[in-house]
Amino acid sequence: QVQLVESGGGLVQAGGSLRLSCAASGSIFSFSIDVMNWYRQAPGKQRELAAGIGGGGRTNYADSVKGRFTISRDNAKNTVYLQRNSLKPEDTAVYYCRLIDYGNIYWGQGTQVTVSS
C-alpha cells in the first residue's frame, strides 16, 4: 500500500507564492527512480498535467506554468515539491500529486489552491 499526502494549499493573492509538498510512504519499490507528477483540476475543467520530474531530475512543465512553477524532489524524504510563483487567478484548482512506482500509479487526495484577484 502506498500513500501520497499533499500539503501547502490555501488562499493566496494574485502575484503571490506557495509551495506544495507531496510525501510518499508505504511499500514503495524505489522512490528515487520513480516519476512524480503534479496535476491540477480547475472547477468545471478536466484534470491536467502541470509538472513532472523523473528519477534523474529531468523536469517537464505545461506551457501555462513554465517560468512560474518549479518542481523538485528530495529522495531522502520521499517528497516532491511544487514551488509556484507569480500566481494567477487561473491557477485556482485542486492540485494532485501522482507517483508511478514499478508500473503502478498512485494519486494523492488533492489540495485546494485558491488565488484571489
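Data block above holds the structure.
Residues numbered from 1 in each chain as written. Predicted model: local features only at pLDDT ≥ 70, side-chain atom pairs only at ≥ 80, totals over all residues. Heavy atoms only, no water.

**Thoughts on the sheet that holds strand S8 (residues 79-84)**
Strand pairing in a sheet relies on backbone hydrogen bonds, with the paired strands running either antiparallel or parallel.
Right, so step 1: Strand order in this open sheet of four strands is S1-S3-S8-S7, and the pairing throughout is antiparallel. Across the chains shown, the open sheet's two edge strands, defined by having one partner strand only, are strand S1 (2-7) and strand S7 (69-74). On average, each strand axis in the sheet is inclined to that of its neighbour by 15 degrees, with strand direction left out of account. (Pairing = 2+ DSSP bridges. Helix = DSSP H or I, 4+ residues; strand = E, 2+ residues; numbered from the N terminus. Axes fitted to C-alpha atoms, helices over the stretch in contact; angles between N-to-C directions.)

**Thoughts on unusual backbone geometry**
Right, so step 1: The backbone phi angle of Asn78 is positive, close to 50 degrees, even though this residue is not glycine.
Right, so step 2: When you line up the elements, Asn78 lands in the loop between S7 and S8.
Right, so step 3: Taking the relative accessible area as the measure of exposure, Asn78 reaches 23% and is therefore partly exposed.
Right, so step 4: Of note, the phi angle at Ser86 is positive, near 50 degrees, even though the residue is not glycine.
Right, so step 5: Structurally, the position occupied by Ser86 is in the loop between S8 and strand S9 (93-101). (Buried < 20%, exposed > 50% of the residue type's maximum accessible area, 1.4 Å probe, protein only.)

**So, the state of the cysteines**
Here a disulfide denotes a covalent bond joining the sulfur atom of one cysteine to the sulfur atom of another.
Right, so step 1: In this structure the tally under the stated criterion is one disulfide.
Right, so step 2: What pairs with Cys22 in a disulfide is Cys97, and their sulfur atoms sit 2.0 Å apart. Taking the torsion about the S-S bond as the criterion, the Cys22 to Cys97 disulfide, at about 50 degrees, is right-handed. Residue Cys22 is located in strand S3 (residues 18-26), and its partner Cys97 is located in strand S9; the two are separated by 75 residues in the primary sequence. One exposure class covers both Cys22 and Cys97, and it is buried. (Disulfide = S-S within 2.5 Å.)

**Quick notes on the packing of aromatic side chains**
Right, so step 1: Applying the stated criterion to the full structure yields three aromatic pairs.
Right, so step 2: Three or more aromatic residues link up through ring pairs in this structure, and these residues are Tyr39, Tyr96 and Trp107.
Right, so step 3: Cation over ring: Arg47 sits above Tyr96, and NZ or CZ is 3.7 Å from the ring centre. (Phe/Tyr/Trp six-rings, centres within 6.5 Å; stacked < 30°, edge-to-face > 60°. Lys NZ or Arg CZ within 6 Å of the ring centre and 35° of its normal.)

**Here we look at the pattern of salt bridges**
Right, so step 1: In the structure shown here, the tally under the stated rule is four salt bridges.
Right, so step 2: Residue Asp91 is joined to Arg40 by a salt bridge in which the shortest nitrogen-to-oxygen separation is 2.8 Å. Within this pair, whereas Asp91 is found in the loop between S8 and S9, its partner Arg40 is found in strand S4 (residues 35-41), the two being separated by 51 residues in sequence.
Right, so step 3: Judged by relative accessible area, which is 0%, Asp91 ranks as buried.
Right, so step 4: In this structure, Asp91 and Arg68 form a salt bridge, with 2.7 Å as the shortest nitrogen-oxygen distance. Of this pair, Asp91 sits in the loop between S8 and S9 while Arg68 sits in the loop between strand S6 (59-61) and S7; the two residues are 23 residues apart in sequence, bridging distant segments of the chain. (Salt bridge = Lys/Arg side-chain N within 4 Å of Asp/Glu carboxyl O.)

**Details of the environment of Gly10**
Right, so step 1: Counting through the fold element by element, Gly10 comes out in strand S2 (residues 10-13).
Right, so step 2: C-alpha separation for the pair Gly10 and Val113, spaced 103 residues apart in sequence, amounts to 4.9 Å.
Right, so step 3: Ignoring sequence-local partners within four residues, the contact set of Gly10 consists of Leu18, Gln112, Val113 and Thr114. (Contact = heavy atoms within 4.5 Å.)

**A closer look at the pairing of S1**
It is a general feature of regular strands that their side chains alternate between the two faces of the sheet.
Right, so step 1: Alternating residues of S1 divide into Val2, Leu4 and Glu6, all buried, and Gln3, Val5 and Ser7, none buried.
Right, so step 2: Note: S1 against S3, six bridges, orientation antiparallel. When the sheet's bridge partners are listed, Gln3 is paired in S3 with Ser25.

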